[in-house]
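Structural features, examined
These are the residues of each chain, in order.
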Amino acid sequence: MREAIRLSRVKMRGNHGGPFGAVVVRKGKIVGRGWNQVTSTNDPTAHAEMVAIRDACKRLKNFQLDDCELYTSCEPCPMCLAAIYWARFKKVYYGNTRKDAQRIDFDDDLIYDEVATLISKRKIPMKQLLRGEALTAFAEWAKKGDRVRY
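When helices and strands are counted, the protein shows seven helices and four strands. In sequence order, the protein lays out its α and β elements as α-β-β-α-α-β-α-β-α-α-α. If you line up the protein on its principal axes, its C-alpha atoms span 50 × 40 × 25 Å. Burial analysis of the protein (150 residues in total) assigns 31% to the buried set. Excluding contacts between residues fewer than 6 apart, the proportion of contacts in the protein whose partners are at least 24 apart in sequence is 46%. Accessible area for the protein stands at about 10600 Å²; split by element, carbon and sulfur atoms hold 55% of it.

This next bit is on the environment of E114. By the secondary structure assignment, E114 is in helix α6 (residues 109-115). Considering only alpha carbons, one finds E114 and M50, 64 residues apart in sequence, at a separation of 21 Å.

This part is about the packing of aromatic side chains. Here the distance between the centres and the angle between the planes together describe a pair of aromatic rings. Scanning the model with the defined rule gives three aromatic pairs in all. Relative to F106, the ring of F20 has its centre 4.9 Å away and its plane inclined at 90 degrees; by these criteria the two rings are edge-to-face. Residue F20 is located in the loop between α1 (2-13) and β1 (21-26), and its partner F106 is located in the loop between α5 (98-103) and α6; the two are separated by 86 residues in the primary sequence. A relative accessible area of 15% means that F20 is categorised as buried. Their ring planes at 80 degrees and their centres at 5.9 Å tell us that F63 and Y150 sit as a pair that is edge-to-face. In this pair, F63 sits in the loop between α3 (48-60) and β3 (68-74) while Y150 sits in the segment after α7 (131-143), placing the two residues 87 residues apart along the sequence. Judged by its relative accessible area of 61%, Y150 falls in the exposed class. Sitting over the face of the ring of W35, K11 holds its NZ or CZ atom 4.2 Å from the ring centroid.

On to the pairing of β3, then. Among the seven residues that make up β3, seven are buried, leaving the element largely enclosed by the rest of the structure. In the sheet, β1 pairs with β3 via five bridges, with the strands oriented antiparallel. Bridge pairing in β3 places V25 opposite E69. Both β3 and strand β4 (residues 91-96) contribute to a ladder of five bridges, which runs parallel. Residue L70 lies in a different strand from β4, and its bridge partner there is V92. One crossover worth recording links β3 to the parallel β4 by way of helix α4 (residues 78-87), and it is right-handed.

Definitions and limits used
Residues numbered from 1 in each chain as written. Predicted model: local features only at pLDDT ≥ 70, side-chain atom pairs only at ≥ 80, totals over all residues. Heavy atoms only, no water. Helix = DSSP H or I, 4+ residues; strand = E, 2+ residues; numbered from the N terminus. Buried < 20%, exposed > 50% of the residue type's maximum accessible area, 1.4 Å probe, protein only. Contact = heavy atoms within 4.5 Å. Areas by Shrake-Rupley, 256 points an atom, 1.4 Å probe, with all protein chains shown as cover. Phe/Tyr/Trp six-rings, centres within 6.5 Å; stacked < 30°, edge-to-face > 60°. Lys NZ or Arg CZ within 6 Å of the ring centre and 35° of its normal. Pairing = 2+ DSSP bridges. Right-handed = clockwise from strand over helix to strand, strands pointing away.

Structure representation (structure tokens):
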């Protein structure tokens, strides 16, 4: 956890992004590091946890981190939380809470609310198009004998 906190402070001071850091640990060793890079890379998905997950997956040559733990300087936002579940971490440790982040103008409540809202009632309009055509890829996937399951 201290390394995640250290990264959050050092990289924030270097103007890489917000005050967030994360590390992925496997068998007691750090296998992935990340810090917030949203503003330095113009990538809204470059949160510390996402960067650490990408780094660990690249190093381990695996898209699942089910034998790993994540240490993050702040409670994960909805996007990072989803990625944590997709990566299948066995445990997550965090420092600051989402309410702590809210006090310094990092507020994810809108997203938490939107996830629970009916698609037709969300703030960003969403309209389904060409479902029949899109389903052809799913049908092909279902029959694909050499697919990698995840």
